[in-house]
Amino acid sequence: MGDHDEIHSGIIVDGAQIQPSEDFVAPEELYRELTERVRRYHPSDDISLIEKAYRVASEAHRDQVRKSGEPYIIHPLNVAIVLADLEMDKETIAAGLLHDVVEDTVMTEADLEREFGSEVASLVDGVTKLEKIPLSTGMDQTQAKLEMQAENLRKMFLAMAKDIRVIMIKLADRLHNMKTLQYQSPESQIRIARETLDIYCPIAQRLGISKIKVQLDDLALMYLEPEAYRELEANIRARKEEREAYIQSIVDEVGGYIRDAEIDAKVYGRVKHLFSIYKKMKNQNKTLDQVYDLFAVRIVVDTVKDCYAALGIMHEHYKPIPGRFKDYIAMPKANMYQSLHTTLIGTTGQPFEVQIRTYEMHKAAEYGIAAHWKYKENTAGQHSLHGEEEKLTWLRQILEWQQDMSDNREFLSLLKNDLDLFSDHVYCFTPTGEVKNLPVGSCPIDFAYSIHSAVGNRMVGARVNGKLVPIEYEIHNGDRIEIITSQNTKGPSRDWLGIVKSAQAKSKINQWFKTQSKEDNIARGKELLTTYCKAKGIDLPTLLSPAYQQEIIGKYAYHDWESILAAVGRGALKEGQIINRLRELYEADHPRVLTNEEILASIAEANAASGARSQSQHSKSGIIVKGMTDLSVRFSKCCSPVPGDEIVGFVTRGRGISIHRTDCINILNLPELERVRLIDAQWQASDQETHENYMTEIKMFANDRTGLLADISRVLTERNISIHALNTRTNKQGVATLVLSFEVPGREELVRIVDKLRAIEGVIDIERSIG
């Protein structure tokens, strides 16, 4: 679905008739326009895939209209037309037509795959937003929206990494939504425009697609700064004829010089787009009259040699402004944009900018990564994109952040900072001559982390152009930087976070401190266990035998005893919980011999307890809940307790008693005010064998390999266990994470199954869900 659309069935909404917009175009007419555009560039006359996608999308969206009153199919058609303008392949255009059917209609991804194949279905899935994300309790609406936005962006970037065409569809979708934003509420307009300027415009820029970027820029500015936009537009329009006449005179003059030099070229002029002018005014704190390069003359030639020849002619006939020449041919921008830029003084004294490029560079500047959409069939019949890896360096960096960060607010903040359209960049060099592109204001620390996190973490100083400089030195264009490292350094300083400018450096520094804090948590965990034992009069060294430690490690699914201590130190496990379990293990191995008096006392206590037990609730679920009657009992899905687990009850509001494991994260992190609602619970002892099964969930980590799932399935099948749910994912290091849900009669059977699974080749670790 478009990022801001609301779907309405029929034409009446809230008792009011929705009227189509004045510029309404019939769907069939738009479809005719789409097919004409595709035929102009596509070598194949077969458009049956696009035809089928249009018919399926039309039927799926048949009873839906947009807020403008237009049939909803108008939106997918416009998205497909934008993709055709970018000369995308037929699979992408089909996915553009179908991009909302999974999200907004009864069609499923399986339906799409059956009708159109896995390629189109995968593209549609990449564009489809997540419908529901489990959010933390107590989260307000603003936080919930932020979490939803971040999770959808995470999904989009992952989909982009698999197939960059996903973002092409998303950009086309966002462009048409921005063009029809006037039908939204003012709050929605600002929210969508802000996200467009913060996320989608920079992505279009990073991919070099100026054809889309300039439109998104201006549309976002129109809603975010309406007064500035109207004033700027009015001022430029007021002198439009005068400016157009001046530009034409410059074009004619420049064209004459180029022809006299016998260079075959196309020369034309333009006024820069509004956002570009606004950005310059804001960054340089200037008025419109003070921005002297409002005009740009573009010279497009056949070869790189002609580019430099044309530059020489321009500098021969016009005086260049010092410091305004940029050679993006020799040093392309991060998005691989190439051109020669120079600002000259015209014959009337009015400055103007000249951009010189080849036809190939011009197409790359307009269409970006889409200009190089050359496919090559490989042996598997799959399609692959070649020669554009450089444009996607920033995407790989964002994917690294996603793995490092669980905090969505931190992820969004870093993402927006990295994609900031208002930040300029500097170009500098490594000692070997490699070019590095960093935000303006960057220091040698930013440079060090751009090379590798290990270089940044071990940095102790820097040389710029052969001279030692302080670490806060501001890097300038053309600086040659050498980083001095030492194995003896203790690592980065927290003060560096206030110095660095790049999001990459901030992310890597924060990640280092998170890793280092584990040592502090281990020390704190030891201290908490010791303090607890002293207060209870318990001899801790007696309990800390390796065998008991191993039992605790297995119970809570940690790697080693230090991980248990670190978990206690940061509050993920309670010290009392660990000590009590250790005492149970110790007492099982060292039973106390009772005296006759103690035996008689225990019998009397048992008789009293049996009288009380008759007042306890006896649940069909096999749970005895003390102190409460006539309440239903249900098992929590967060930790999935099974017979044999230590359990506790929680009195919910209106839903009876929820049964949790005592090590459930939700119970451990329960606020003090809520702890009064905890109630003792235990599994019902039964003399008769029960055939009741209980749902449980485990998470497996294993080295990915062929046959891994088959081996897991074999173990479960041998024990007559049916898998209810299985989710898998594999990271770039080749480690697979598998989450399995199945039913077991109790903890003993679960332990046996886990032991069998651990014996499978390549299995690294197994843990139970604890909330």
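Residues numbered from 1 in each chain as written. Predicted model: local features only at pLDDT ≥ 70, side-chain atom pairs only at ≥ 80, totals over all residues. Heavy atoms only, no water.

### Focus: the overall build of the protein
In terms of helices and strands, the protein carries 29 helices and 25 strands. The buried share of the protein, reckoned over its 771 residues, is 46%. Put simply, 68% of the contacts in the protein that link residues at least 6 apart link residues at least 24 apart. About 39800 Å² of surface is accessible on the protein, with carbon and sulfur atoms providing 49% of the total. (Helix = DSSP H or I, 4+ residues; strand = E, 2+ residues; numbered from the N terminus. Buried < 20%, exposed > 50% of the residue type's maximum accessible area, 1.4 Å probe, protein only. Contact = heavy atoms within 4.5 Å. Areas by Shrake-Rupley, 256 points an atom, 1.4 Å probe, with all protein chains shown as cover.)

### A few points about helix α21 (residues 503-536)
For the α-helix, the turn length of 3.6 residues means that residues three or four positions removed from each other point alike. Between its terminal C-alpha atoms α21 stretches 49 Å, which fits the 50 Å expected from 34 residues at 1.5 Å a residue. Just downstream of α21, Gly537 is the residue with a positive phi angle, here 70°. (Expected span 1.5 Å × (residues − 1).)

### Points about the environment of Ile167
Structurally, Ile167 is set in helix α9 (residues 165-179). Counting along the chain gives 36 residues from Ile167 to Ile203, while the straight-line C-alpha distance between them is 8.5 Å.

### Brief notes about the side chain of His61
Mapped onto the fold, His61 is located in the loop between α2 (48-60) and β4 (64-65). The residues contacting His61, other than those within four sequence positions of it, are Tyr72, Ile73, Pro76, Asp100, Val101 and Thr105.

### Regarding the packing of aromatic side chains
Tallied over the entire structure, the rule returns 7 aromatic pairs. Judged by centre distance (4.3 Å) and plane angle (10°), the rings of Tyr31 and Tyr54 are stacked. Taken as a pair, Tyr31 in helix α1 (residues 27-41) and Tyr54 in helix α2 lie far apart in primary sequence, 23 residues in all. For Tyr54, a relative accessible area of 2% puts it in the buried group. Ring centres 6.0 Å apart and planes at 70° place the aromatic pair Tyr328 and Tyr337 in the edge-to-face group. Its relative accessible area of 15% is what places Tyr337 among the buried residues. The side chain of Lys52 reaches across the aromatic face of Phe116, ending 5.1 Å from its centre. (Phe/Tyr/Trp six-rings, centres within 6.5 Å; stacked < 30°, edge-to-face > 60°. Lys NZ or Arg CZ within 6 Å of the ring centre and 35° of its normal.)

### Concerning the nonpolar core
Formed by 98 residues in total, the largest nonpolar core has its most connected members in Leu34, Leu98, Met178, Met314 and Phe352. Residues within four places of Met314 in sequence aside, it is in contact with Val254, Tyr257, Ile258, Ile299, Leu344 and Val354. Counting residues in hydrophobic clusters, the runner-up holds 30 residues, among them Ile647, Ile712, Ile753 and Val754. (Core = buried A, V, L, I, M, F, W, Y, C linked by side-chain atoms within 4.5 Å.)

### Here's the deal with a negative patch on the surface
A cluster of like negative charges, contributed by Glu519, Asp520, Asp560 and Glu562, occupies part of the molecular surface. Along the chain, Glu519 falls in helix α21. What makes Glu519 exposed here is its relative accessible area of 51%. (Patch = residues over 30% accessible without salt bridge, like charges linked within 9 Å, V, L, I, M, F, W, Y side chains within 5 Å. Salt bridge = Lys/Arg side-chain N within 4 Å of Asp/Glu carboxyl O. Lys, Arg positive; Asp, Glu negative; His and termini not counted. Charge placed at Lys NZ, Arg CZ, Asp CG, Glu CD.)

### Notes on the pattern of salt bridges
Applying the stated rule across the entire model yields 23 salt bridges. One salt bridge in this structure joins Asp645 and Arg768, with 2.9 Å as the shortest N-O distance. You can see Asp645 sitting in the loop between β18 (633-635) and β19 (647-651) and its partner Arg768 sitting in strand β25 (residues 763-768), a full 123 residues away along the chain. Here Asp645 matches Arg768 in class, with each residue buried. Where Arg752 meets Glu749, a salt bridge forms, and the shortest distance between an N and an O atom there is 3.2 Å. With a gap of 3 residues between them, Arg752 and Glu749 both fall in helix α29 (residues 747-758), about one helical turn apart.

### With respect to unusual backbone geometry
In this structure, Glu87 takes a positive phi of about 60° despite not being glycine. Here Glu87 is to be found in the loop between α3 (74-85) and α4 (90-98). Phi at Asn465 is positive, roughly 55°, even though this residue is not glycine. By secondary structure assignment, the location of Asn465 is in the loop between β13 (459-464) and β14 (467-469).

### Here's the deal with the environment of Ser741
Summarising the element assignment, Ser741 is placed in strand β24 (residues 735-744). Leaving out residues up to four positions away in the same chain, Ser741 has contacts with Met695, Thr696, Glu697, Ser722, Ile723, His724 and Ala725.

### Quick notes on the confidence of the model for the protein
When pLDDT is averaged across the protein, the result is 77; 78% of the residues are at 70 or more. Ranking the elements of the protein by mean pLDDT puts strand β2 (residues 12-13) last with 30 and helix α15 (residues 304-317) first with 93. Counting contacts from residues 373-391, a segment whose pLDDT is below 50, to residues more than four positions away or on other chains yields 38 contacts. Scored below 50 in pLDDT, residues 609-619 makes 16 contacts in the model with residues more than four places away or belonging to other chains. (pLDDT = per-residue confidence, 0-100.)

### Section: the sheet that holds strand β22 (residues 694-703)
Here 4 strands make up an open sheet; going across it, the order is β23-β24-β22-β25 and the pairing antiparallel. On the outer flanks of this sheet lie β23 (723-730) and β25, each paired with one strand and no other. Taken pair by pair, the neighbouring strands of this sheet meet at an average axis angle of 20°, ignoring direction. One ladder, built from 5 bridges, connects β22 with β25; its direction is antiparallel. Bridge pairing links Lys699 to Glu767 in β25. Packed onto the sheet, helix α28 (residues 708-718) meets β22, β23 and β24 and runs at close to 20° relative to β24. (Pairing = 2+ DSSP bridges. Axes fitted to C-alpha atoms, helices over the stretch in contact; angles between N-to-C directions.)

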